[in-house]
Amino acid sequence: MTDTPRTSPTLGWDAASRSEITQLARDIARHCAAFREPIPRLALRQVADTLLPYLILCALMLGAAANGYEWRALPLAIPAGGLLVRLFIIQHDCGHGSFLPSRRGNDGLGRVLSLLTVTPYDSWKRAHALHHATTGDLSRRGTGDVHTLTVREYLALPRSARMRYRLYRNPFILIVIGSPLNFLLLQRLPTGVGLPWRTAWRDVIALDAALLAALGLLALAIGSVGPVLWVFLPVISVAAWIGGWLFYVQHQYEEMVWEEAEAWDFHRAALGGSSYYALPRVLQWFTGNVGLHHVHHLNSRIPNYRLQECLDGHEVLGRVGRLTLRDSLNCLRLALWDEKARKMIGFADLRHHQPA
């Protein structure tokens, strides 16, 4: 195995070490390739141990809400939301063709789960593939990522545009408000997914119609739409908050690496542009191992239930880009890519820069 540069958790992302890091990343990618085969029994077990308890919790919430115990049912939205995140990860793996052995099986399961995750499967799959193909590339920002400016770009903006960017990057706006808004409203619209309009329209509207039919039938069976919304909205919101936070810390941490197009390399960007979010075991279970995101970006065909096995098999994967829960809180202040320091910084750090 290639010797690991002994510089920092980022493995020394300076110009002199780029070739060394590229070779290391490609060596690790070859290691990861050994874990890409789906294991049907593990996949089916994961569907069962996630979908069944999720449906049971939703049924308990719906029954309580229908009988006037709405507020007593509300705490169940937290574990139900966590299970919905895990279902989203299964759908996510289906989109990569990694969860089950057959393409038809992956697409079929992914489309069924989209009724629960309220995420249009086919459109999301295509947009997410663009995210994987462009992570860390400064020239191809904008599809499936958190909008990020460099320090130079930010300082060149007029004051009004700076204020809009600051507002957008505010964690309360971006995650607390933005994440549920994205899942509940924006994904109901066939715009902003980076795909041909007709393709997006077909996929998104088909899911919207199916959701309306499913929610309508539930409301008809219960006798009122209120209890249905009392379950649907809190559970989706909890899942969106968790998912929004996970996506944020996966690509918005201090040592996150961005490159100009001429210097960008897929494997180096995967290893240096995606974090390893080392969560407690129970949280890792609910989040479907998605915190092992650098492994996932090195080879997106590894099913989530094999990511830990892959990480354990290579010593470097357990060290590079590692964030603990406490570390991840520092990510909240980050908003800009500093081209000179080659790291993410916060607005407060701009005092060290000359204004444009």
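**Some details on the overall build of the protein**
- Counting its regular elements, the protein contains 16 helices and 5 strands.
- Based on the C-alpha atoms only, the size of the protein along its principal axes is roughly 65 × 50 × 40 Å.
- Out of the 356 residues in the protein, the part that is buried amounts to 52%.
- Within the structure as shown, the protein displays about 17,100 Å² of accessible surface, and the carbon and sulfur contribution to it stands at 63%.

**Topic: helix α2 (residues 40-66)**
- For α2, with 27 residues, the first-to-last C-alpha span of 38 Å sits near the 39 Å given by 1.5 Å per residue.
- For α2, every residue scored as buried is listed here: Leu42, Ala43, Gln46, Val47, Thr50, Tyr54, Leu57, Cys58, Met61, Leu62, Ala64 and Ala65.
- Just past α2, the residue Gly68 takes up positive phi, approximately 85°.

**Comments concerning empty space enclosed by the protein**
- This structure, assessed with the given rule, holds 5 cavities of 30 Å³ or more.
- Within this model, the largest cavity holds a volume of roughly 100 Å³.
- Considering the residues around the largest cavity, the lining is formed by His131, Thr134, Thr135, Gly136, Asp145, Val146, Thr148, Phe247, His251, Gln252, Met256 and Trp258.
- Elements with a contribution of two residues or more to the lining of the largest cavity: α6 (121-134) and α11 (225-251).
- Split by residue class, the lining of the largest cavity holds 4 nonpolar, 7 polar and 1 charged.
- The wall of the second largest cavity is formed by Ile89, His92, Asp93, Gly288, Val290, His293, His296, Ile302, Asn304 and Leu307.
- Listing elements by their share of the lining of the second largest cavity, those giving two or more residues are α4 (77-95) and α14 (293-298).

**As for the state of the cysteines**
- With the rule as written, the count across this model stands at 0 disulfides.
- You can see Cys58 has no disulfide; the closest cysteine sulfur is in Cys94, sitting 19 Å from it.

**Let's talk about the confidence of the model for the protein**
- A residue-level look at the protein finds 92% of positions with pLDDT of 70 or above and a mean pLDDT of 90.
- In the model of the protein, helix α1 (residues 18-32) stands out as the element of lowest mean pLDDT, 87, in contrast to α4, which has the highest, 98.
- Within the model, pLDDT remains below 50 along residues 1-10, and this stretch shows 18 contacts once partners closer than five positions in the same chain are excluded.

**Overview of the packing of aromatic side chains**
- The final tally for this structure, using the stated rule, is 11 aromatic pairs.
- Seen from their ring centres, Phe88 and Phe183 are 6.1 Å apart, and the 80° between their planes marks the pair as edge-to-face. With Phe88 in helix α4 and Phe183 in helix α9 (residues 171-184), the pair connects residues that are 95 residues apart, well separated along the chain.
- Judged by centre distance (5.7 Å) and plane angle (70°), the ring pair of Phe99 and Tyr305 falls under edge-to-face. One end of the pair, Phe99, is in the loop between α4 and α5 (103-117); the other, Tyr305, is in the loop between α14 and α15 (307-312), and 206 residues separate them in sequence.

**A look at unusual backbone geometry**
- In the Ramachandran plot, Asn289 falls in the positive-phi region, its phi being about 60° despite a non-glycine side chain.
- Tracing the backbone shows Asn289 in the loop between α13 (281-286) and α14.
- By relative accessible area, Asn289 is classed as buried at 14%.
- Unlike most non-glycine residues, Arg342 shows phi in positive territory, near 55°.
- With respect to the helices, strands and loops of the structure, Arg342 is situated in the loop between β4 (334-338) and β5 (343-346).
- What makes Arg342 partly exposed here is its relative accessible area of 26%.

**Details of the layout of surface pockets**
- Estimates place the volume of the largest pocket at around 1,400 Å³.
- Around the largest pocket, the lining is made up of 47 residues, and of these Gly144, Asp145, Asn182, Phe183 and Phe247 lie nearest the centre.
- Sorting the residues of the lining of the largest pocket by element identifies α4, α6, α9 and α11 as the ones contributing at least two each.
- For the lining of the largest pocket, a count of residues per class yields 25 nonpolar, 21 polar and 1 charged.

**Some remarks on the side chain of Asp208**
- Tracing the sequence through the fold places Asp208 in helix α10 (residues 197-222).
- Taking the relative accessible area as the measure of exposure, Asp208 reaches 13% and is therefore buried.
- Side-chain polar atoms of Asp208 contact the side chain of Arg188, separated by 2.6 Å.
- Residues in contact with Asp208, not counting those within four places in the same chain, are Gln187 and Arg188.

Analysis parameters
- Residues numbered from 1 in each chain as written.
- Predicted model: local features only at pLDDT ≥ 70, side-chain atom pairs only at ≥ 80, totals over all residues.
- Heavy atoms only, no water.
- Helix = DSSP H or I, 4+ residues; strand = E, 2+ residues; numbered from the N terminus.
- Buried < 20%, exposed > 50% of the residue type's maximum accessible area, 1.4 Å probe, protein only.
- Areas by Shrake-Rupley, 256 points an atom, 1.4 Å probe, with all protein chains shown as cover.
- Expected span 1.5 Å × (residues − 1).
- 1 Å grid on protein atoms, 1.4 Å probe; cavity = no way out; pocket = protein on both sides within 12 Å on 5 of 7 lines; lining within 4 Å.
- Points joined across faces, edges and corners; volume = space filled by probe spheres on them.
- Nonpolar A, V, L, I, M, F, W, Y, C, P; charged D, E, K, R; others polar.
- Disulfide = S-S within 2.5 Å.
- pLDDT = per-residue confidence, 0-100.
- Contact = heavy atoms within 4.5 Å.
- Phe/Tyr/Trp six-rings, centres within 6.5 Å; stacked < 30°, edge-to-face > 60°.
- Polar contact = N/O pair within 3.5 Å; in protein donor to acceptor, adjacent residues only side chain to side chain.

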